[in-house]
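Notes for the structure review
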Amino acid sequence: MKHYATRHSAAERHVLSAVPRSVARQPVVLDPAGDPYARVAVEAYAEACAHEQPWLAEALQRQYQLSGGTPSSAAALWRAFHEAQQLAREGQSYDEAAWTHVALHLCGVLGAMNL
């Protein structure tokens, strides 16, 4: 059996420490009708897996009725943010804490928009 260690930033550790272990181990269900982040998550996941697992991307699009629809502005913002972060990681002056700070604020803004 292999053991994998995951490194988390200070902000991620703070967020993770606030979640009781019993809650963290419960299955997660995405409900686009009641959760403004669910559609964003499904859109991003479908896009991320489309190249290697097109059948999964298509199944997600059908189940969450994404096909033919316009991606939400929040999903587009998250994709642009993550693409920019990936490019920044390739540079010499990448600062994980700064990117985490921006991500937390972006999350707050998108939540305030009540998407």
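Residues numbered from 1 in each chain as written. Predicted model: local features only at pLDDT ≥ 70, side-chain atom pairs only at ≥ 80, totals over all residues. Heavy atoms only, no water.

**A word on the packing of aromatic side chains**
For any pair of aromatic rings, the description rests on two quantities: the centre-to-centre distance and the angle between the ring planes. Scanning the entire structure with this criterion turns up two aromatic pairs. Taking 6.3 Å as the distance between ring centres and 20 degrees as the angle between the ring planes, the aromatic pair formed by Tyr-94 and Trp-99 counts as stacked. Note on Trp-99: relative accessible area 21%, which makes it partly exposed. In textbook terms, an aromatic cluster arises when at least three aromatic residues are bridged by ring pairs, as seen for Phe-81, Tyr-94 and Trp-99. (Phe/Tyr/Trp six-rings, centres within 6.5 Å; stacked < 30°, edge-to-face > 60°. Buried < 20%, exposed > 50% of the residue type's maximum accessible area, 1.4 Å probe, protein only.)

**With respect to the confidence of the model for the chain**
Looking at the chain, the pLDDT average stands at 74 and 64% of residues meet or exceed 70. Across residues 1–5 the pLDDT falls below 50, and counting only partners more than four positions away or on other chains, this stretch makes zero contacts in the model. (pLDDT = per-residue confidence, 0-100. Contact = heavy atoms within 4.5 Å.)

**Some points on helix α4 (residues 54–63)**
All of the buried residues along α4 are Leu-56, Ala-57 and Leu-60. Projected down its long axis, α4 carries its buried residues within an arc of 100 degrees, all on one side. Among the exposed residues of α4, those pointing more than 90 degrees away from its buried face are Trp-55 and Arg-62. Each element contacted by the buried residues of α4 is listed here: α3 (38–49). Where α4 ends, the next residue or the one after it, Gln-65, has phi of about 50 degrees, a positive value. (Helix = DSSP H or I, 4+ residues; strand = E, 2+ residues; numbered from the N terminus. Arc of directions from axis to C-beta.)

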